[in-house]
Amino acid sequence: REFTFLHEIGHRVYDTLPKEFKDKWEHLVKKTDHKFKEHNIEELFCMIYAQAYAKHKLKEFEIPVLVKYVKSLG
């Protein structure tokens, strides 16, 4: 439940990001080697957002460079 709740918050966060932040996110995703590269860019942001802030993390979404970027957004 916690992960799902944070994922949904991630959608609201993504909606408020300026274009330059979304562009940087897309650039990071494309240059990072992971199996989720072809997923919807917003959905991946939400999964990584939940990963960054959840107490109970999911191993498959532990992509350090992406988690670090999400946390840098404040």
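Report on the accompanying structure.

The rules behind each value
Residues numbered from 1 in each chain as written. Predicted model: local features only at pLDDT ≥ 70, side-chain atom pairs only at ≥ 80, totals over all residues. Heavy atoms only, no water. Helix = DSSP H or I, 4+ residues; strand = E, 2+ residues; numbered from the N terminus. Rg over C-alpha atoms; globule rule 2.2 N^0.38 Å. Expected span 1.5 Å × (residues − 1). Buried < 20%, exposed > 50% of the residue type's maximum accessible area, 1.4 Å probe, protein only. Contact = heavy atoms within 4.5 Å. Polar contact = N/O pair within 3.5 Å; in protein donor to acceptor, adjacent residues only side chain to side chain. Core = buried A, V, L, I, M, F, W, Y, C linked by side-chain atoms within 4.5 Å.

**Notes on the overall build of the protein**
A count of helical and extended segments in the protein gives four helices and zero strands. Ordered by position in the sequence, the α and β elements of the protein form the string α-α-α-α. Radius of gyration (C-alpha) of the protein: 11 Å, near the 11 Å computed for a compact globule of 74 residues. Dimensions of the protein along its principal axes, counting C-alpha atoms only, are 30 × 25 × 20 Å.

**Things to note about helix H3 (residues 41-53)**
Helix length check: H3, at 13 residues, gives a terminal C-alpha distance of 19 Å against a target of 18 Å (1.5 Å per residue), a fit within 8%. Listed as buried for H3 are Leu44, Phe45, Cys46, Met47, Ile48, Tyr49, Ala50, Gln51 and Ala52. For H3, the secondary structure elements touched by its buried residues are helix H1 (2-16), helix H2 (19-31) and helix H4 (64-72). Put simply, Asn40 is the residue that caps the front of H3, since its side-chain oxygen is 2.8 Å from the backbone nitrogen of Glu42.

**Things to note about the nonpolar core**
Counting residues in hydrophobic clusters, the biggest one holds 22 residues, and the most contacted among them are Trp25, Leu44, Phe45, Ile48, Phe61, Leu66 and Val70. At the level of elements, H1, H2, H3 and H4 are the ones that each hand at least two residues to this core. By residue number, the principal contributor to this core is H3, which donates seven residues.

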